[in-house]
Amino acid sequence: MANITKKVSWSSRADESGATGEGTPLLNGSEQPRHSRQIGRLSTVDLEEEITSEEDSLRGRPKEIPHNEKLLSLKFESLDYDNIENQLFLEEERRMSYMGFRCLEISRWVVCGLIGFLTGLIACFIDIAVEELAGFKYQVVKENIEKFTEVGGLSISLILWAVLNSAIVMIGAIIVAFFEPIAAGSGIPQIKCYLNGVKIPRVVRLKTLVVKVCGVICSVVGGLAVGKEGPMIHSGAVVAAGVSQGRSTSLKRDFKIFEYFRRDTEKRDFVSAGAAAGVSAAFGAPVGGVLFSLEEGASFWNQMLTWRIFFASMISTFTLNFFLSIYHNKTGDLSSPGLINFGRFESDSVAYNLYEIPLFIAMGAIGGLLGALFNVLNYWLTIFRIRYVHRPCLQVMEAMLVAAVTATVSFTMIYFSNDCQPLGPEHTEEYPLQLFCADGEYNSMATAFFNTPERSVRSLFHNQPDTYNPLTLGLFTLTYFFLACWTYGLAVSAGVFIPSLLIGAAWGRLFGRLLAAITSSGSIWADPGKYALIGAAAQLGGIVRMTLSLTVIMVEATGNVTYGLPIMLVLMTAKIVGDYFVEGLYDIHIKLQSVPFLHWEAPATSHWLTAREVMSSPVTCLNRIEKVGTIVDTLSNTSTNHNGFPVVVQVTGSDEPAKLCGLILRSQLIVLLKHKVFVELARSRLTQRKLQLKDFRDAYPRFPPIQSIHVSQDERECMMDLTEFMNATPYTVPQETSLPRVFKLFRALGLRHLVVVDDENRVVGLVTRKDLARYHLGKHGLEELQLAQT
């Protein structure tokens, strides 16, 4: 074991498997029961030095919450992406006719259509709400600035702008911090984790959707350096999770439809479609949405799923554009490219030459460097927030402070800018500010700051070459870079796509202006708008590290395929350069949340590890016919909150150890106890009622806790036969199997538990997600993460 960096001492430990562990103090002060058998397990983290015992808890929350990025949280459970093939499931599948399977396939297409339609409606609502409210706010501030420019007292305009921003952002921060904290941020890291197989609490609830939609409207209208594309992806995923189940557990309404889809495997595929529909609605990019779901989201894929997701994305885009065209009184135009209207690049004005390719690649490298800087700064800022800004009231105050500072910085930049441009008949500025410019002119800096980020991106792409002078572009890039970095991670619903595009478009346009200035014939560099496009792609690629999907999104959003090759080269360069320094922004935030995320492959240097060394052991097993009291006590044991239990059978009249015959989940046992599926004698197979799969589906996904199940003393003496309900064919591996092979099997099949057996099919351990996720490549080779109840 010399090749692995040990972070803590080796000992037994417990996780979501049926393995019991050593009594190591947890963060909450509880202690796990001790067992005699120890097989090289990693202990849970003891942070008693930072979090003392009961005295601190009585005083309230600590002023500082210690955080270590080398932690792996035990609070996250896995989803059951592997179908539980028990007798009930197999009997139902065998009874279903070919026509029944065809009807199910049609139902899947119908659900995807509904997902696309509802996601498009939500996107339309967000767009109209932002346009109306932001238009009202900017009009009020614009009139106030024009009034006090003439008579003096512009400080009043500054105060008005800052107060309006802070008040609007305060509303969005309050509903997030106090009512649904999971709705903070873009939601993309959480959806990535969900599709990877991690159960993130409350991530696809109806309440989360409502808070997400209202929060992102407040964030954008409040003038923060944010976008609404990330929240749209999260919103689409929530819609998909709800529609596919045919009911709302939050509203306690069951429509008795789509009951077959009430399991994690089916819901996962629909959530993939919802995420793609959100991308499609945000950018008007159906193909880009499919590729985004494939590249950034879904961990599991098949060919038929591709077409269903594309169908959902098309419906989403069509729905959004149809209703927006009605809103704008353009009933005949369905070509509006979604929430983020970049406008269309005309081929003749943006044609590029081959000798510009090296310049584009250099811009990709710049984007990678700036993206890495952005991610590093945001990483340390997030660490600071985790430690010190953990109270909801502090989170709201921070969001209001950022809103006020953003307004103040924007006003200051506009006030001291002398970049005046003529206000011609072809100008596209929505809220042109004259300020101290001459009549018939407007302040160019105001076009960038005094606007929604989407409109600012469009102006940088399409305005005339001389619209912005280099100083304006440089100052805007610098200030907006730090504002966006500070803003991402606040307790508000917000995305990072549009701020990244805006930063890149600004320095990309500056790059084009400087090229034109240093060459003898500036006309050969054509429109700086094309460099704004390349810079936008480079900056976004450097932050989120997307390649193929972002290429298609940019091509679809701009309506021009000419720049497909340069954008792809730029994004690949940005990713390579950025990955050399630090991970992508979403991966950083997943790691900061201590989520047991499984990547595509096992660590490269892990072949010397075997299943015996990584498994959890010893394992809590149940007999095929088990005493009810034993089951209740096992499930009620709070120190070992296991979710999977191998089922073993003892050979009659033999002294040999029990052998594996199946696997059963905690959720199944709770349903059996709730319906009191007992037998009076171990030899009898008569139960009180015949349980069906419908009983399990009705309880999904919020299975009741064991504490809510009442079992009398007499019932504790009864027996429960698990034969019909357990998975009689669980996946198993020999204990000498290498870690990469275990990882590949676990990851590819979407397993929650993998039983480790010896040569005689006896259970020796259990591999779960956390057993695999805690190994990763660090600076010192293969490292092992600490496990904690964070």
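Let us look at the structure shown here. The shown structure was predicted, so the numbers you read here are calculated from the model rather than taken from an experiment.

Following both chains from N to C, one finds helix H17 (residues 528-544) and helix H19 (residues 564-581) inclined at 35 degrees, their axes separated by 8 Å at the closest point. Crossing of H17 over H19 shows right-handed handedness. Where H17 abuts H19, its residues Leu533, Ile534, Ala537, Ala538, Gly541 and Gly542 lie against Pro566, Ile567, Val570, Leu571 and Ala574. Taken together, the residues of the contact of H17 with H19 break down into nine nonpolar, two polar and no charged.

Take the state of the cysteines next. On inspection of all chains with the given rule, the structure shows one disulfide. Covalent S-S linkage joins cysteine 420 and cysteine 437, the inter-sulfur distance amounting to 2.0 Å. Because the sign of the S-S torsion sets the handedness, a value of about -85 degrees for the bond joining cysteine 420 and cysteine 437 places this disulfide among the left-handed ones. Remark: cysteine 437 occurs in the loop between strand E6 (420-422) and strand E7 (441-443) and cysteine 420 occurs in strand E6; sequence separation between them is 17 residues. Owing to a relative accessible area of 26%, cysteine 420 belongs among the partly exposed residues under this scheme. Under the relative-accessibility criterion, cysteine 437 is labelled buried at 7%.

Bringing the sheet that holds strand E8 (residues 622-623) into the picture now. Read from one edge of the open sheet, three strands run E8-E10-E11, paired in mixed fashion. A strand with exactly one partner marks an edge of an open sheet, and here the two such strands are E8 and strand E11 (659-665). In this structure, E8 lies alongside strand E10 (residues 644-649), joined through two bridges in parallel fashion. Looking at the pairing, asparagine 623 lines up with valine 648 of E10.

It is worth spelling out the packing of helix H14 (residues 453-462) against helix H16 (residues 497-518) at this point. Interaxial distance between H14 and H16 falls to 9 Å at its minimum, and their mutual angle equals 25 degrees. Here H16 runs roughly parallel to H14, going by the angle between their axes. Note that H14 runs across H16; the crossing there is left-handed. Where H14 abuts H16, its residues Pro453, Glu454, Ser456, Val457, Ser459, Leu460 and Phe461 lie against Ile498, Leu501, Leu502, Ala505, Ala506 and Arg509.

Note on helix geometry: an α-helix contains 3.6 residues per turn, so any two residues three or four positions apart are oriented the same way. With 16 residues, helix H6 (residues 206-221) extends 23 Å from end C-alpha to end C-alpha; this agrees with the ideal 22 Å at 1.5 Å per step. Buried residues dominate H6, accounting for twelve of its 16 residues. Its buried side turned inward, H6 meets helix H3 (98-151), helix H4 (154-179) and helix H7 (229-243). Positive backbone phi, at 80 degrees, marks glycine 223, one or two positions downstream of H6.

The next subject is helix H23 (residues 666-674). In terms of burial, H23 is a largely internal element, eight of the nine residues being buried. Positive backbone phi, approximately 50 degrees, marks lysine 676, located one or two places after H23.

Here we come to a nonpolar patch on the surface. A cluster of nonpolar side chains, namely Leu373, Leu377, Leu478 and Phe482, defines an oily patch on the protein surface of about 350 Å² accessible area. Mapped onto the nonpolar patch, the elements with two or more residues apiece are helix H11 (357-388) and helix H15 (470-487). Its location among the elements puts leucine 478 in helix H15.

The next subject is the environment of alanine 484. If you trace the backbone, alanine 484 turns up in helix H15. Taking the relative accessible area as the measure of exposure, alanine 484 reaches 3% and is therefore buried. Taking C-alpha positions, alanine 484 is 7.8 Å from valine 496, a pair spaced twelve residues apart along the chain. With sequence-adjacent residues up to four places away left out, alanine 484 is seen in contact with Ala225, Phe374, Pro499 and Ile503.

Following the sequence through the fold, threonine 634 ends up in helix H22 (residues 628-636). Taking the relative accessible area as the measure of exposure, threonine 634 reaches 16% and is therefore buried. Here the side chain of threonine 634 touches threonine 630 through a polar contact of 2.8 Å, landing on its backbone oxygen. Beyond its immediate chain neighbours, meaning those up to four positions away, threonine 634 contacts Thr620, Leu622, Phe645 and Arg666.

Here the focus is unusual backbone geometry. A cis amide bond, omega -5 degrees, links serine 617 with the succeeding residue proline 618. Of note, proline 618 is situated in the loop between helix H21 (611-614) and E8. Of note in this structure, lysine 256 is not a glycine but carries a positive phi near 60 degrees. Tracing the backbone through its elements, the reader meets lysine 256 in the loop between strand E5 (253-254) and helix H8 (264-283). Despite not being glycine, phenylalanine 258 has its phi angle at roughly 55 degrees, a positive value.

In this section: the sheet that holds strand E13 (residues 732-734). Taken in spatial order, the three strands of this open sheet run E13-E14-E15, and their pairing is mixed. A single partner strand is all that each edge strand has here, and the edge strands are E13 and strand E15 (763-767). Across the sheet, the mean angle from the axis of one strand to that of its neighbour is 30 degrees, orientation sign disregarded. Pairing analysis gives three bridges linking E13 to strand E14 (residues 754-757), with the strands arranged parallel. The residue bridging proline 734 from the neighbouring strand is valine 757, located in E14. On the sheet, helix H26 (residues 739-749) packs against E13, E14 and E15 and is oriented at approximately 145 degrees with respect to E14.

This brings us to the pattern of salt bridges. For the structure shown, the criterion picks out 28 salt bridges. Note that lysine 575 and aspartate 579 form a salt bridge whose closest N and O atoms lie 3.1 Å from each other. Within this pair, lysine 575 and its partner aspartate 579 are both found in helix H19, separated by four residues, close to a single helical turn. For lysine 575, a relative accessible area of 30% corresponds to the partly exposed category. With a shortest N-O distance of 3.0 Å, lysine 591 and glutamate 583 are connected by a salt bridge. The class of lysine 591 is partly exposed, set by a relative accessible area of 35%.

Turning next to the pairing of E10. The element E10 is largely enclosed, with a buried count of five among its six residues. When E10 meets E11, the two strands line up antiparallel, connected through six bridges. Bridging across to E11, glycine 644 finds its partner in leucine 665.

We now examine the packing of aromatic side chains. Taken as a whole and judged by the stated rule, the model has 26 aromatic pairs. Through successive ring pairs, a cluster of aromatic residues spans Tyr138, Trp161, Phe411, Tyr415, Phe416 and Phe450. The positively charged end of arginine 268 is found above the aromatic ring belonging to tyrosine 81, 4.7 Å away from the centroid. Against the face of tryptophan 600 rests arginine 747, its NZ or CZ located 4.4 Å from the ring centre.

Now for the side chain of glutamate 229. Positionally, glutamate 229 belongs in helix H7. Here glutamate 229 occupies a buried position and makes no salt bridge, while the nearest side chain of opposite charge, lysine 228, is found at 7.9 Å. Separated by 3.2 Å, the side chain of glutamate 229 and the backbone nitrogen of valine 496 make a polar contact. There is a polar contact of 3.0 Å between the side chain of glutamate 229 and the backbone nitrogen of phenylalanine 497. Leaving out residues up to four positions away in the same chain, glutamate 229 has contacts with Ala282, Phe283, Gly495, Val496, Phe497 and Ile498.

So, on to the pairing of E15. In terms of burial, E15 is a largely internal element, five of the five residues being buried. Of the pairings in the sheet, the one linking E14 to E15 comprises four bridges and is antiparallel in character. For leucine 754, the partnering residue across the bridge sits in E15 and is valine 767. The hairpin formed by E14 and E15 contains five residues between the paired strands, and asparagine 761 there has a positive phi angle of roughly 65 degrees.

Cut-offs applied
- Residues numbered from 1 in each chain as written.
- Predicted model: local features only at pLDDT ≥ 70, side-chain atom pairs only at ≥ 80, totals over all residues.
- Heavy atoms only, no water.
- Axes fitted to C-alpha atoms, helices over the stretch in contact; angles between N-to-C directions.
- Helix = DSSP H or I, 4+ residues; strand = E, 2+ residues; numbered from the N terminus.
- Left-handed = near helix turned anticlockwise from the far one by under 90°.
- Contact = heavy atoms within 4.5 Å.
- Nonpolar A, V, L, I, M, F, W, Y, C, P; charged D, E, K, R; others polar.
- Disulfide = S-S within 2.5 Å.
- Buried < 20%, exposed > 50% of the residue type's maximum accessible area, 1.4 Å probe, protein only.
- Pairing = 2+ DSSP bridges.
- Parallel < 35°, antiparallel > 145°, perpendicular 65-115°, else oblique.
- Expected span 1.5 Å × (residues − 1).
- Patch = residues over 30% accessible without salt bridge, like charges linked within 9 Å, V, L, I, M, F, W, Y side chains within 5 Å.
- Areas by Shrake-Rupley, 256 points an atom, 1.4 Å probe, with all protein chains shown as cover.
- Salt bridge = Lys/Arg side-chain N within 4 Å of Asp/Glu carboxyl O.
- Polar contact = N/O pair within 3.5 Å; in protein donor to acceptor, adjacent residues only side chain to side chain.
- Phe/Tyr/Trp six-rings, centres within 6.5 Å; stacked < 30°, edge-to-face > 60°.
- Lys NZ or Arg CZ within 6 Å of the ring centre and 35° of its normal.
- Lys, Arg positive; Asp, Glu negative; His and termini not counted.

Everything listed here is a matter of geometry and, on its own, says nothing about what the molecule does.
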